[in-house]
Amino acid sequence: MTTPERPDVIDRPSESGSATNGTAADTPAPVSESAGHGPARRMDVIDLNAGFGERTIIEGINLKVEPNAVTALIGPSGCGKSTLLRCLNAMHRTATNAFVSGEILLDGVDINARGVDPVLVRRRVGMVFQRPNPFPTMSIYDNVAAGLRLTSGTRAGRHKFDDTVERALRQADLWAEVKDRLRTMGGALSGGQQQRLCIARALAVEPEVLLMDEPCSALDPISTAKIEETIMSLRERYTIVIVTHNMQQAARVSDTTAFMTILEAGQPGALVETGPTSSIFDTPSNEVTGAYVSGRFG
Amino acid sequence: MATTDTLHGGGPLAPALRRRHRRDRSMTWVLTALMVGIGALLVWILVYVALKGINALNWGFLTDTPPGNPSDAGGGFVNGIIGSFEIVGMATLLSLPLGIGCAIYLNQYATGRVAAVLRLVTDVMLGIPTIVTGAFVYALWVVEFGFSGFAGAFALALVMVPLIVRATEEMLRLVPRDIREASLALGVTQSRTIMSVLLPTARAGIITGVMLAIARAMGETAPLLLTTLGNDLFVETNPGQRMSTLSLQIFGSATGGFVNAQNRAWAGALTLIAIVLALTIIARLVARTSAVRR
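Residues numbered from 1 in each chain as written. Chains lettered and ligands numbered in written order. Predicted model: local features only at pLDDT ≥ 70, side-chain atom pairs only at ≥ 80, totals over all residues.

> What exactly am I supposed to notice about the overall build of chain B here?
In terms of helices and strands, chain B carries 13 helices and 0 strands. Its helices and strands in sequence order give chain B the pattern α-α-α-α-α-α-α-α-α-α-α-α-α, from N to C terminus. C-alpha atoms of chain B, sized along the principal axes, occupy 90 × 55 × 40 Å. Taken over 294 residues, chain B has a buried fraction of 36%. Counting only contacts in chain B whose residues sit at least 6 apart along the sequence, the fraction spanning at least 24 positions is 76%. (Helix = DSSP H or I, 4+ residues; strand = E, 2+ residues; numbered from the N terminus. Buried ≥ 20, exposed ≤ 12 C-beta atoms within 10 Å, placed from the backbone. Contact = placed C-beta atoms within 7 Å.)

Written out as structure tokens, the structure is:
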């Protein structure tokens, strides 16, 4: 569990994303198919510390992210939920001074191990950000196709990604609204549509895990409802981790909830309790969790 | 009612409020006047140059070299026009990759002290008087190999690089971090993110910055005096030889003391402004169409 003995599947330089793992017969869950066509992946966080320079943001995090389920990270502002999420696709490491210790296993492979290319990790662990961030110079079509186009070495034709774009936009529940104007700029859409465009963009590369960092916090209730529907329909195919400030949202969409908080002022954020969403909200075993979910925090 | 009264300008806050309104009006007036003044100055320069220059500007001006005797009328600056395009063109080819590359490095890769030192270096380069740049190239190159178009292009590139670095870096810095992260999160490499996401997003601003650098180089005279020297006799297209440029010819003709030469200098100035304006408009159009077409 701690050290993967099999060769890292993620450090393969193959551009196709078909990270063919050592096809040893004893491999429990072969990571052999092209990214995304296989089953959703599990992630295990073990004794994770992360932060910037001298400052530790999160400490001693242990979390199991189950495949084909939605895991919600809840907790007060500043407790390190986003940092934890950004560790899961090695995005945290792109910041200057950032450090990570401990293990983050994607199907048993530590994504921070030597020789593992974070770029290839991110092709399998997609991310949707808090604020909608479509590429401003690209059309709706090109935004969705961007992941495929920019990760393939060749110059692709104008219509090469038609099928993928349609599939991703349908999955993100945006197809009906934009199918007649795919070549117009993505930035011209409404905020909610832009966020669904970003979800489609993340889905187009067929990741196995989808990370969502407060995807609805900049949106109105109707757009939020649409995105929550999208999340629930995506659960069948993907492993989803969602950070949210909205506890009703966590209760609505997630199967598992992890509660993070800062236990003492000045201390790094810690994960207090993880469990099935219903029990976290109804019968939390930790009193801090209970105080938070019932609104009596502090 | 008291509230209605307040809304109509009464109440205890009224004097302070009236003062604010007065100050607002007067400041608006001052700023408008400044703007009109600067605009008028610009128009004045343009109109003055145009009126002075239009006399000597004719087809011959764009196709002939200056007359052998500078006091004669007629002739033109064709050798300078060709020289300007050639030398500034070479300087652009030299400084563009260098400047944009340096800006990308500063913005994406350099951290802490390295970045601070690099920024300081570009700032110092920006502040160096161009006559000093010319003297530097003179000592380094011209003393050894003689006056040439290449030496002039090198000197102009030294003037242009810090301008391009500064403009490009500012524009790259304006690209939201979100956009960069969105690309990285898709599993796009950093180099591809820079080339396909960051540069296109910042394109319009970068093109404007580069155009400013080119316009600046078009008008530079001092460094060229010390590097390509000038050549009023014939059209020289070989950059290995001393060449003329529009700016050099304007300078030479304007300081010569002959009325006809001075008229040619005015026409040259008008031509220079027209060229820079045309290049800027073309660059704007290119920036706009390429941004929309994708």
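Alright, that's what it looks like, and here's the rest.
> I would appreciate a short explanation of the overall build of chain A in the present structure.
When its secondary structure is counted, chain A shows 10 helices and 10 strands. Split into buried and exposed, the 298 residues of chain A put 49% on the buried side. When contacts within chain A are restricted to residue pairs at least 6 apart in sequence, those whose partners lie at least 24 apart make up 68%.

> Help me understand the sheet that holds strand β1 (residues 43–52) of chain A in this model?
Residue and element names in this part refer to chain A. With antiparallel pairing, the 4 strands of this open sheet are ordered in space as β2-β1-β4-β5. Both edges of this open sheet fall to β2 (55–65) and β5 (109–110), since each of them pairs with a single strand only. As defined by bridge partners, β1 adjoins strand β4 (residues 98–106) across 8 bridges and the pair is classed as antiparallel. Residue Val45 lies in a different strand from β4, and its bridge partner there is Ile104. (Pairing = 2+ DSSP bridges.)

> Hey, could you run me through the pairing of strand β3 (residues 70–74) of chain A in this one?
Every regular strand shows the same layout, with side chains that alternate between the two sheet faces. Residue and element names in this part refer to chain A. The buried fraction of β3 is high, at 5 of 5 residues. The alternating pattern of β3 places Val70, Ala72 and Ile74 on one face and Thr71 and Leu73 on the opposite face, and all of these are buried. Both β3 and strand β8 (residues 239–243) contribute to a ladder of 4 bridges, which runs parallel. Paired with Leu73 across the two strands is Val243, which belongs to β8. For β3 and strand β9 (residues 256–261), the ladder comprises 4 bridges, and the chain directions are parallel. Counted as the bridge partner of Thr71 is Thr256 from β9.

> Mind showing me how you'd approach the nonpolar core here?
Where a protein is soluble and globular, its nonpolar side chains tend to be buried together. Formed by 145 residues in total, the largest nonpolar core has its most connected members in Ala200 of chain A together with Leu156 and Met160 of chain B. For Leu156 of chain B, the contacting residues outside a window of four places in its chain are Ile87, Val88, Ala91, Ala217, Glu220 and Pro223 of chain B. (Core = buried A, V, L, I, M, F, W, Y, C linked by C-beta atoms within 7 Å.)

> Is there a simple way to think about helix α5 (residues 112–127) of chain B in this case?
One full turn of an α-helix is made of 3.6 residues, so residues set three or four places apart face in the same direction. Look at α5 of chain B: 23 Å from first C-alpha to last across 16 residues, which is about the 22 Å you get at 1.5 Å a residue. Along α5 of chain B, only 1 of the 16 residues are buried, which leaves the element largely exposed. (Expected span 1.5 Å × (residues − 1).)

> Mind showing me how you'd approach the confidence of the model for chain A here?
Regions with low pLDDT carry predicted coordinates that are not meant to be interpreted in detail. The predicted model of chain A averages 84 in pLDDT, with 85% of residues at 70 or higher. Confidence drops under pLDDT 50 across residues 1–37 of chain A; counting only partners more than four residues distant or on other chains, this segment forms 58 contacts. (pLDDT = per-residue confidence, 0-100.)

> Help me understand the interface of chain B and chain A in this model?
Taken together, the 19 residues of chain B in the interface contact 25 residues of chain A. Taken together, the elements giving at least two residues each to the side of chain B that touches chain A come down to α8 (177–185) and α9 (190–201) of chain B. When residues of the side of chain B that touches chain A are assigned to their parent elements, the largest contribution, 7 residues, is made by α8 of chain B.

> Where do I start with the sheet that holds β8 of chain A in this structure?
Strand pairing in a sheet takes place through backbone hydrogen bonds and is either antiparallel or parallel in direction. Residue and element names in this part refer to chain A. Read across the open sheet, the 6 strands follow the order β6-β7-β8-β3-β9-β10; overall the sheet is mixed. Across the chains shown, the open sheet's two edge strands, defined by having one partner strand only, are β6 (125–128) and β10 (270–276). Neighbouring strand axes in the sheet, compared pairwise and without regard to direction, differ in orientation by 15° on average. On top of the sheet, helix α1 (residues 81–88) reaches β3, β6, β7 (209–213), β8 and β9; it is set at about 155° to β8, its chief contact. (Axes fitted to C-alpha atoms, helices over the stretch in contact; angles between N-to-C directions.)

> How should the packing of helix α3 (residues 140–151) of chain A against helix α6 (residues 191–204) of chain A be read in this particular structure?
The axes of two packed helices give the description: the angle between them and the distance between them. Residues and elements named next belong to chain A. Closest axis-to-axis distance for the α3/α6 pair is 7 Å, and the angle between their directions is 30°. When you trace α3 past α6, the crossing you get is right-handed. Facing Ile140, Asn143, Val144, Ala145, Ala146, Gly147 and Leu148 of α3, the residues of α6 in contact are Leu197, Ala200, Arg201 and Ala204. Residue composition of the contact of α3 with α6, by class: 8 nonpolar, 2 polar and 1 charged. (Left-handed = near helix turned anticlockwise from the far one by under 90°. Nonpolar A, V, L, I, M, F, W, Y, C, P; charged D, E, K, R; others polar.)

> What is the right way to read the environment of Ile131 of chain B from this model?
Residue and element names in this part refer to chain B. Structurally, the position occupied by Ile131 is in helix α6 (residues 130–145). Sequence separation of Ile131 and Ala157 is 26 residues, and the distance between their C-alpha atoms is 14 Å. Excluding residues within four positions of it along the chain, Ile131 makes contact with Ala222 and Pro223.

> Sorry if this is basic, but what is going on with the packing of helix α4 (residues 78–109) of chain B against helix α7 (residues 149–174) of chain B here?
Residues and elements named next belong to chain B. Two elements in contact, α4 and α7, have axes separated by 6 Å at closest approach and are oriented at 40°. Our pair here, α4 against α7, has a crossing hand that is right-handed. Tallied by class, the residues present in the contact of α4 with α7 amount to 19 nonpolar, 7 polar and 3 charged.

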